[in-house]
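Below, each chain spelled out in residue letters.
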Amino acid sequence: MRFNEKELVSLSRQPSEMAAELGMRGPKKGDVVKKRLVKLVVNFLFYFRTDEEEPIGALLLEQCRVEREDSQTFSIAFLDEAERKYLFECDSEEQCGEWVDSIIKASYEFMRKNLIFYRTEIHRLTGKDPLEQYGISDETRFQVSNGLQLMSRDTSSL
Amino acid sequence: MKLHEKILTHYLSCTSPVDKEGYLYKKKERNATYQRRWFVLKANLLFYQERPADRHLLGVIVLERCAVRRAESDAQFAFSLVFGPGLKTYRFAAVDRQTQESWVKALLSASHCYLSLLVRDLGRQYEEAKQQQGSGESCSSVTALKPSTYSFLFTAQGPTTAAVVREGRSHSASTVLQAPSIPTKVVAKKSPKLWPRRNAYVTPLNGPAPLYGEWPLVGFDPLEDFRKLHDYYGQEVKKAREEWLRSRQAEEERSDEDLIDLG
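Residues numbered from 1 in each chain as written. Chains lettered and ligands numbered in written order. Predicted model: local features only at pLDDT ≥ 70, side-chain atom pairs only at ≥ 80, totals over all residues. Heavy atoms only, no water.

Turning our eyes to something else, we now look at the nonpolar core. Grouped together as the largest cluster of nonpolar side chains are 69 residues, with contacts concentrated most on Leu8, Phe44, Phe74 and Trp99 of chain A. In terms of residues, this core owes the most to one element, helix α3 (residues 112–133) of chain B, which gives eight residues. Not counting residues within four places of it along the chain, the set of residues in contact with Phe44 of chain A comprises Leu8, Lys39, Ala58, Leu59, Leu60 and Leu61 of chain A together with Leu3, Leu45 and Val62 of chain B. Counting residues in hydrophobic clusters, the runner-up holds 22 residues, among them Tyr48, Leu58, Trp103 and Val104 of chain B. (Core = buried A, V, L, I, M, F, W, Y, C linked by side-chain atoms within 4.5 Å. Buried < 20%, exposed > 50% of the residue type's maximum accessible area, 1.4 Å probe, protein only. Helix = DSSP H or I, 4+ residues; strand = E, 2+ residues; numbered from the N terminus. Contact = heavy atoms within 4.5 Å.)

Pasting the structure below:
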């Protein structure tokens, strides 16, 4: 599958509040812990070899499960494969907690849920739809009952 | 760099709904021809394949740090995703104006950065709304900053103080939201407390990418003038607010002094 690699690499170089050297272990049997610079940018987790400019890889943080494994280690499981996890070893309990928290909150779906919650509540409290002022009340992605609403289909192919 | 594709395709096929899908023509970079492709937009990811029923995905475009532009130079109902100097420009064409507009609009609000700003803004509005619903006393001391002051600054016709406060913030937020591709510029103008506290383990790999100036945004920006107006007044308001808070302490000693000195 093609993807905009150069642009994604450029994204990985943006300043991030969550960037640190962690011990990282892949999900496969036989994978060992390696020191990596792990960096959270939008909903991607990039990981670099120390002092390299281009990331080794990028993990999309959607539909994944982040868990605390022990006081200083957290894991991320993708593809609903609970046993195949990426492991990350931190330097402290606090750091570990911050990473878990940040990764959960970085998910687009998590943010969307918050948005829908605020939109509903603001409307309930004030009678106004806060998205109207931005002209985006009709965008499918911000709909309150997104899962139930019928999306208007593009009919240009018909 | 390895993009773990299975994670993306898994996300695409999972139960959360798609944000937009349909046929568009995509321009091939090499020979400048347009090919019809089926596009699926989900979160900040634009997937494409030959036909809707295909299981094989041709590609994905991550929609961060790009500008959406209407561009009719080489095709009708055309638009593009511009990533900036040294980076790609993806060109598309729709079959009619409605489809073009619909896609442009959807892509403008697709980025994670945009959503992040929007959530932040709505979070603030929510807190304000809750405060006003709850005890009136606590909010009045902060938000009731001399209605006359606000009338002077905004020259609005008799808005309530609370509405003006919200309006002011909405303007700043909406100008922010009108320029989703330039988040770093926005950070400089916002009050520090609105942004998350910096992590002690920040080790940025490189400095920020060079700002390539303002890209012309899609269509016209109706809030362009408001943006300048608000920035100017926003500083006055901030100054006024600080002085008011300071003078509140001084009030106990010298009750005759003016509460706000606008200099």
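Here we take up the environment of Arg84 of chain A. Residue and element names in this part refer to chain A. By secondary structure assignment, the location of Arg84 is in the loop between β7 (73–77) and β8 (85–89). Sequence separation of Arg84 and Pro27 is 57 residues, and the distance between their C-alpha atoms is 4.8 Å. Here Arg84 is in contact with Pro27, Lys28, Ile76, Ala77 and Phe78, once residues within four sequence places are set aside. A distance of 2.9 Å separates the side chain of Arg84 from the side chain of Glu81, its partner in a polar contact. (Polar contact = N/O pair within 3.5 Å; in protein donor to acceptor, adjacent residues only side chain to side chain.)

This brings us to the pattern of salt bridges. Pairing between side chains of opposite charge can happen when the charged atoms of each approach one another. Within the structure shown, the criterion is met by 18 salt bridges over all chains. The closest approach of N and O atoms between Glu50 of chain B and Arg51 of chain B, which form a salt bridge, is 3.6 Å. Look at Glu50 of chain B and you get partly exposed, because its relative accessible area is 37%. Linking Arg124 of chain B and Asp121 of chain B is a salt bridge whose minimum nitrogen-to-oxygen distance equals 3.2 Å. One end of the pair is Arg124 of chain B and the other is Asp121 of chain B, both in helix α3 and three residues apart, which spans about a single turn. Sharing partners across several salt bridges, the network here consists of Arg65, Glu67, Glu69 and Lys85 of chain A. (Salt bridge = Lys/Arg side-chain N within 4 Å of Asp/Glu carboxyl O.)

Counted residue by residue, helix α1 (residues 5–12) of chain A has six buried out of eight residues, so it is predominantly covered. Looking at α1 of chain A, one finds that the buried residues are Glu7, Leu8, Val9, Ser10, Leu11 and Ser12 of chain A. Considering only its buried residues, α1 of chain A is in contact with β1 (2–3), β3 (34–41), β4 (44–48) and β5 (57–60) of chain A together with β1 (2–3) and β5 (59–62) of chain B.

This part covers the packing of helix α2 (residues 93–106) of chain A against helix α3 (residues 108–126) of chain A. All names here are of chain A. The contact between α2 and α3 brings their axes to 5 Å, and the two run at 70°. The angle between α2 and α3 falls in the class roughly perpendicular. Of α3, the residues touching α2 (which contributes Ile104, Lys105 and Ala106) are Tyr108, Phe110 and Met111. Its residues assigned to classes, the contact of α2 with α3 comprises five nonpolar, no polar and one charged. (Axes fitted to C-alpha atoms, helices over the stretch in contact; angles between N-to-C directions. Parallel < 35°, antiparallel > 145°, perpendicular 65-115°, else oblique. Nonpolar A, V, L, I, M, F, W, Y, C, P; charged D, E, K, R; others polar.)

Before going further, it helps to examine the environment of Ile104 of chain A. All names here are of chain A. Along the chain, the position of Ile104 falls in helix α2. Given a relative accessible area of 36%, Ile104 falls into the partly exposed group. Once residues lying within four places of it in the same chain are set aside, the contact partners of Ile104 are Val66 and Phe110.

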